[in-house]
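Structure at a glance
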Amino acid sequence: MMHQFRFSALAFALCLAGTAQAQAQTPPAPVPAPQGQTPPAGADQSGELVVDVVGGISAPLGIAIPPMPAAAVTDTAAGRTDELGRQLAQIVTTDLRNSGLFNPAGAQAMKPVEFGEVTAPVFDYWAGAHVSALVQGFVRGNSDGTLTVGCYLYDVFSRAELARQGFVVQPSDWRRAGHKCADMVYAKLTGEGPYFDSRMVYVSETGPKGKRIKRLAIMDQDGANHRFLTNGQSIVLTPRFAPNQQSIVYMSYLNERPAIYVYDIGSGAQRLLVNNPSLTFAPRVSPDGKWVLFSMAVAGNTDLYRVPMSGGSPQRLTESPGIDTGGSYSPDGRRIVFESDRSGGQQLYTMNADGTDQQRISFGGGRYATPVWSPRGDLIAFTKLSGNFRIGIMSPSGGGEKLLTNDWQDEGPSWSPNGRVLSFYRQGQGGGGKADLWSVDLTGVNERKIPTPLDGSDPGWGPLRP
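The text that follows walks through the structure, step by step, so that each part is easy to find. (Residues numbered from 1 in each chain as written. Predicted model: local features only at pLDDT ≥ 70, side-chain atom pairs only at ≥ 80, totals over all residues. Heavy atoms only, no water.)

**Let's talk about the overall build of the chain**
The line we're drawing: For helices the rule is a DSSP run of H or I covering at least 4 residues; for strands it is a run of E covering at least 2, with both sets numbered from the N terminus onward. For each residue, the accessible area found with a 1.4 Å probe, counting protein chains only, is set against the maximum for its type, and the residue is called buried under 20%, exposed over 50%, and partly exposed in between. The contact definition used throughout considers only heavy atoms, calling two residues in contact when any of these lie within 4.5 Å. Shrake-Rupley sampling with a 1.4 Å probe provides the accessible areas, and residues are treated as covered by the protein chains on show and by no other component.
Helix and strand counts for the chain come out as 5 helices and 32 strands. When the 466 residues of the chain are sorted by exposure, 55% land in the buried category. In the chain, once contacts between residues fewer than 6 apart in sequence are set aside, the share between residues at least 24 apart is 47%. If you sum the accessible surface of the chain, you get close to 19100 Å²; carbon and sulfur atoms cover 50% of it.

Okay, here's the thing in C-alpha cells:
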C-alpha cells in the first residue's frame, strides 16, 4: 500500500527530523526571473512551462533529474538510501524519456545535489545546464521500516516550485515512488493524466511458431517486477484486467476445451467463468466490474454475450449471422464497440450495452479488428488489416481515422490509463519471427519496444494503481 501526501514546509521539516540543517531550513520564496530575458522553449506566452503533447517527440522539453540525496545514509530492506536515490532518479528519467515528450539531461553531466538543496535549488547552475525544468527529491528510511520519498518539480527559468508530492512506501514498493514522481511531473507539465504507475498483463511466448508455449505474465509498464502467473501447460490468450486490478479474465485451453477463466492475482486461483460446452473467448470486464463481455460460438454462429463477473447464465447481445467478437465497453459502460463480418468482411460496429442500436462505424478500405475504447472516451483503437497489419485510431462515430504504425504485423492495441499511449504486439515475418510488445503514442511518432524476458503478445494495460 502506498500513502500519498502533500508536503507543507512544516511537514517537510518534521519528516526530516534528526537532521539539524533540515529542521532549521524553510523553503525560500521563489526568486523572480531576471528582467529582459525571453522565456525558453517550453514556455507559453505567460512564461509558464508547457509540453506539446500534439507535436510529441518533435519538441521534447529539456529536464534535469539528478540523483535524490538521502536525509541520512542508512540500510533498509530495499537497499541503502543513497543508492535508492540514484535508482529512483533513473526511474523518473526513463519514464519521462519514454513518453517522447522530455529530453532528460545525462546524469554524468550533473553535479551532485546536497540534501539542503532539495527545497532550495541552485537555479543559476541549472540555467547554465540548458534545461527548462528540474526534478529534485530525497529518500529517508523510517523507523517502522517504510521509506519516505519526496519529489519536487521546479521551473528553472522562473525559479519557481511548480509541484511537490511525497510518498510513504513499503520497501517492496520503492519503485512505485519513482513512477508516482514521474506521473506528477508528466501531469503538471502536459495537462494530461498520469500513466507510469500502472501494470500490464500479457501472454509470454516461447518455442517454435507451430508449437508455442504461452503463459500469463504480469509486470510494471516499464517491464520491471516481472512474474509468470501460469505454468504454460495450457495455452492462454487475451488476458485483461478487471477494473479493481485484483482479477484477470482470459481464454485458456485448460482441460483441452477453450473457455474463459478468471484468475485471482492474490491467491493464484483460477475459476471457469461460463460453464458451457460451446467455445467462449475474447473476454473484457465492464468499467463497473459487474459484467464480463465475451464471444460464444453456438451452432456455427458467433455472437456477443455478457455474464456477471461472479458467473451465471450468459445474456445474448447480438444475433446477426456470422462472427461478432472483440467487444469493448466505453468508459461510462453505456456503449460497446465490436467487430463483425456481417457485411462480408471484418468491420467495426457500436451498440448500446444491452445490444440495441447497432451501427457500423468503419468504412475505409481493408478490414478492421480488435477494437478497444479509450479510457477518455474520445477514441477507438483498432487493428487495420490492409496488406500489412497496422494500429489505428478513429472517433466513436467512425471519423478521423489515423494509422499510427506501419510494420508487417502490428495488432492487439491496449490503452494506457490516460488514453495517450497504446501498447500492442508486433509479429516478425517467417517461421522464426518473434512476437514482441511495443507502445506508440497518439502522434504515431514515439514508438518503443517494451522489454520482456521472452517473446510477448496480447498485452492488456491495466488502470492506474491506487
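**Notes on the sheet that holds strand β31 (residues 447–450)**
Spelled out, the test is: Should DSSP find at least two bridges between two strands, the strands are regarded as paired. Orientation is described by lines fitted to C-alpha atoms, with helices fitted over the stretch in contact, and by angles between N-to-C directions that extend from 0 to 180 degrees.
Strand order in the open sheet made by the 4 strands is β28-β29-β30-β31, with antiparallel pairing throughout. This sheet does not close on itself; its edge strands, each paired only once, are β28 (410–415) and β31. Pairwise comparison of adjacent strand axes, ignoring direction, gives a mean angle of 30° for this sheet.

**Describing the packing of aromatic side chains**
Here is the rule: Ring pairs shown here join Phe, Tyr and Trp side chains whose ring centres sit within 6.5 Å, with only the six-membered ring taken for Trp; geometry is labelled stacked below 30 degrees between planes, edge-to-face above 60, and tilted in between. Whether a charge sits over a ring depends on NZ of Lys or CZ of Arg being within 6 Å of the ring centre and within 35 degrees of the ring normal.
Counting across every chain of the model gives 12 aromatic pairs. Ring centres of Y186 and F196 lie 5.6 Å apart, and the angle between their planes is 80°; this geometry places the pair in the edge-to-face category. Of this pair, Y186 sits in helix α5 (residues 174–190) while F196 sits in the loop between α5 and β9 (198–206), and the two are 10 residues apart along the sequence. Y186 sits in the buried class, given a relative accessible area of 1%. Put simply, the rings of Y186, Y195, F196 and W461 touch in pairs and so form one group of aromatic residues. Sitting over the ring of W291, R306 keeps its end group 4.0 Å from the ring centre. Above the ring of Y349, the side-chain terminus of R342 is found at 4.8 Å from the ring centroid.

Just geometry here; none of it tells us what the structure is for.
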